[in-house]
Structures are given as structure tokens and as C-alpha cells.
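# Summary of structural features
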Amino acid sequence: DVKVTQSSRYLVKRTGEKVFLECVQDMDHENMFWYRQDPGLGLRLIYFSYDVKMKEKGDIPEGYSVSREKKERFSLILESASTNQTSMYLCASSSPGGGTEAFFGQGTRLTVV
Amino acid sequence: AQKVTQAQTEISVVEKEDVTLDCVYETRDTTYYLFWYKQPPSGELVFLIRRNSFDEQNEISGRYSWNFQKSTSSFNFTITASQVVDSAVYFCALNDYKLSFGAGTTVTVRA
């Protein structure tokens, strides 16, 4: 069974903290994505990666960075967490090519207080 | 600018009614892919269907069907004879290099 695993379901962090969200996939996928999901806004792409050590900005990269040192792992980093980064974060992976479907993790509900 | 627009925020129907979800997309590329995903109350997004930009043939798969019209940049999705288990948030997505999603349509099917 294919799997995308996010390290935490729920996180509570303080303003100004550096936050790491981890995502691991076991399907040997080249492509990996980070989205945030907010009511009424759907899924918004933060960063994506089409290969190890490669990263590209999505639509809302400000305040975030990513790391992809290994093919199976894609980390999202909040350099200095702020309350407006309270959200549901979703990780996804897919095979190469635009027509392949993405597989999603369960999501991490991050609350910044 | 939003590349994928789902104008319907919420739809509520009674079981066995058909439900059609609208999706309008925007891209300058000639090669792209369109998708529909479902997010049930459990939260995990599930892939439903896909269509590439070169194939405008409409299809039916079980209770799902889709209508792709390149001329109007629309990719609409229909659930026939809806069931309570179809209650979920449905997302339309476009991949023209980046995989972009719409805001989602919440479908509630009442028994």
C-alpha cells in the first residue's frame, strides 16, 4: 500500500520558533509537494521538488523554506513561526510527468500561539 | 491569480440526486493535465479522475462522469445518483508544471 507519512498530526508551536514538518514517501517518487489548506482557499502550493536537492517556489513561499536531501524525504521549514501560519499542511508525492496522480499524507494541523 | 476556479462553495442534495461540480482553469500551456480529487471527512485527499489537454473525449466511470471543454477551459465533474458516502470536499486541479488546486466544493448528500 502506497504511503505518504507526515511526522505529526497535530503541532502547537510558539511565535518565533523554527518549525520543521517532515514528510516521507515509500513509493520512490521523484516529485514532492507541500501545500497549506485553509477554509475557503483550498490547497495552496508552498514549494515543490522534482528531484533530490532541487526545489522550486510555489504560489506562497514567503516565510517557508524546504529541504530535500534524500529522495524519500521532503521537509518544510518555518523559519520563524507566526500566527498567520496556523493552518493544515499537506504533503504529496507523485511519479514524474504531469499526468500522474499525487498521493497525499494525512496532514499536519499546525497551531502557532 | 487563481489558476483553478471552483465557483460553487457548497452543494447540498438529497440522496439519489445527480451532482455536477464546475471547474474553470487558466493556463498558457498547450500540454496540461486536469484532475479531480475527493477529501472525505477523514481528511486524506484521494485521486478520482484525470484528463490530458489533448483528449476532449468525455467519459463515464461508474457513477462518475466528466465533461472537458477546451474552448471554455472547463472541466466539470458529475456524480450520478449520489449517496451519503459521497459527502466530501471535491477539488479540481491543474498540472501545467505546478500542480495547482481550486478552493474546493463541499458536497453534502442527505439521506
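Everything in this summary refers to the structure shown in the same document. Predicted, not measured: the structure shown is a model, and the values here were computed from it. (Residues numbered from 1 in each chain as written. Chains lettered and ligands numbered in written order. Predicted model: local features only at pLDDT ≥ 70, side-chain atom pairs only at ≥ 80, totals over all residues. Heavy atoms only, no water.)

A word on the pattern of salt bridges. Residues and elements named next belong to chain A. All chains considered together, the criterion is met by 12 salt bridges over all chains. Its salt-bridge partner being D28, residue K71 comes within 3.0 Å of it at the nearest N-O pair. Highlighted residues: K71 in the loop between β7 (64-70) and β8 (73-78) and D28 in the loop between β3 (19-25) and β4 (31-38), separated in sequence by 43 residues. Take K71: its relative accessible area is 23%, and that puts it in the partly exposed class. When the shortest N-O distance is used, the salt bridge between K71 and E30 registers 3.3 Å. In this pair, K71 is assigned in the loop between β7 and β8 and E30 in the loop between β3 and β4, connecting sequence segments 41 residues apart. By relative accessible area, which is 25% here, E30 ends up partly exposed. Within this structure, D28, E30 and K71 form a network of salt bridges that share partners. (Salt bridge = Lys/Arg side-chain N within 4 Å of Asp/Glu carboxyl O. Helix = DSSP H or I, 4+ residues; strand = E, 2+ residues; numbered from the N terminus. Buried < 20%, exposed > 50% of the residue type's maximum accessible area, 1.4 Å probe, protein only.)

For the largest pocket, the calculated volume is near 500 Å³. Lining the largest pocket are 29 residues, and of these Q37 and P39 of chain A together with Q39, V89 and F91 of chain B sit closest to its centre. Contributions of two or more residues to the lining of the largest pocket are made by β4 and β9 (87-94) of chain A together with β10 (88-95) and β12 (105-110) of chain B. Residue classes in the lining of the largest pocket are distributed as 10 nonpolar, 16 polar and 3 charged. (1 Å grid on protein atoms, 1.4 Å probe; cavity = no way out; pocket = protein on both sides within 12 Å on 5 of 7 lines; lining within 4 Å. Points joined across faces, edges and corners; volume = space filled by probe spheres on them. Nonpolar A, V, L, I, M, F, W, Y, C, P; charged D, E, K, R; others polar.)

Chain B puts 18 residues into the contact, and the matching count from chain A is 23 residues. Here chain B meets chain A over a buried area of about 1,700 Å², counting both sides, of which 49% is carbon and sulfur. Considering only the side of chain B, the residues that lose the most area to chain A are Y97, K98 and L99 of chain B, jointly responsible for 30% of the buried surface there. If you look at where chain B meets chain A, you find 2 salt bridges. (Contact = heavy atoms within 4.5 Å. Buried area = accessible area lost by both parts, 1.4 Å probe.)

Tallying each qualifying case throughout the model produces 22 aromatic pairs over all chains. Relative to Y50 of chain A, the ring of F33 of chain A has its centre 6.5 Å away and its plane inclined at 80 degrees; by these criteria the two rings are edge-to-face. Here F33 of chain A is found in strand β4, whereas its partner Y50 of chain A is found in the loop between β5 (42-49) and β6 (56-57), with 17 residues between them in sequence. On the numbers, 6.1 Å between centres and 35 degrees between planes, the contact of F77 of chain B with Y90 of chain B is tilted. Note that F77 of chain B is positioned in strand β9 (residues 74-79) and Y90 of chain B in strand β10, a separation of 13 residues in sequence. Ring-pair connections join several aromatic residues into one group, and the members of that group are F33, Y35, F48, Y50 and F104 of chain A together with F35, Y37, F47, F91, Y97 and F101 of chain B. (Phe/Tyr/Trp six-rings, centres within 6.5 Å; stacked < 30°, edge-to-face > 60°.)

On to the state of the cysteines, then. All names here are of chain A. Within the structure shown, the criterion is met by 2 disulfides over all chains. In this model, C23 is linked to C91 through a disulfide, with the two sulfur atoms separated by 1.9 Å. Taking the sign of the S-S torsion, about -80 degrees here, the bridge from C23 to C91 comes out left-handed. Residue C23 is located in strand β3, and its partner C91 is located in strand β9; the two are separated by 68 residues in the primary sequence. Classification of C91 as buried rests on a relative accessible area of 0%. (Disulfide = S-S within 2.5 Å.)

This part is about the sheet that holds β7 of chain A. Residue and element names in this part refer to chain A. Strand order across the open sheet formed by 4 strands is β1-β3-β8-β7, with antiparallel pairing between neighbours. Strands with a single pairing partner mark the edges of an open sheet, and in this sheet they are β1 (4-6) and β7. Between one strand axis and the next, the sheet turns by 20 degrees as a mean value, whatever way the strands run. Inspection of the sheet shows β1 paired to β3 by 3 bridges, in the antiparallel sense. Considered in β3, the bridge of V4 is made with Q25. (Pairing = 2+ DSSP bridges. Axes fitted to C-alpha atoms, helices over the stretch in contact; angles between N-to-C directions.)

Residue and element names in this part refer to chain B. Note on placement: D96 falls in the loop between β10 and β11 (99-101). By relative accessible area, which is 12% here, D96 ends up buried. A distance of 2.7 Å separates the side chain of D96 from the side chain of K3, its partner in a polar contact. When residues no more than four places from it in sequence are discounted, the contact partners of D96 are K3, T27, D29, T31 and Y32. (Polar contact = N/O pair within 3.5 Å; in protein donor to acceptor, adjacent residues only side chain to side chain.)

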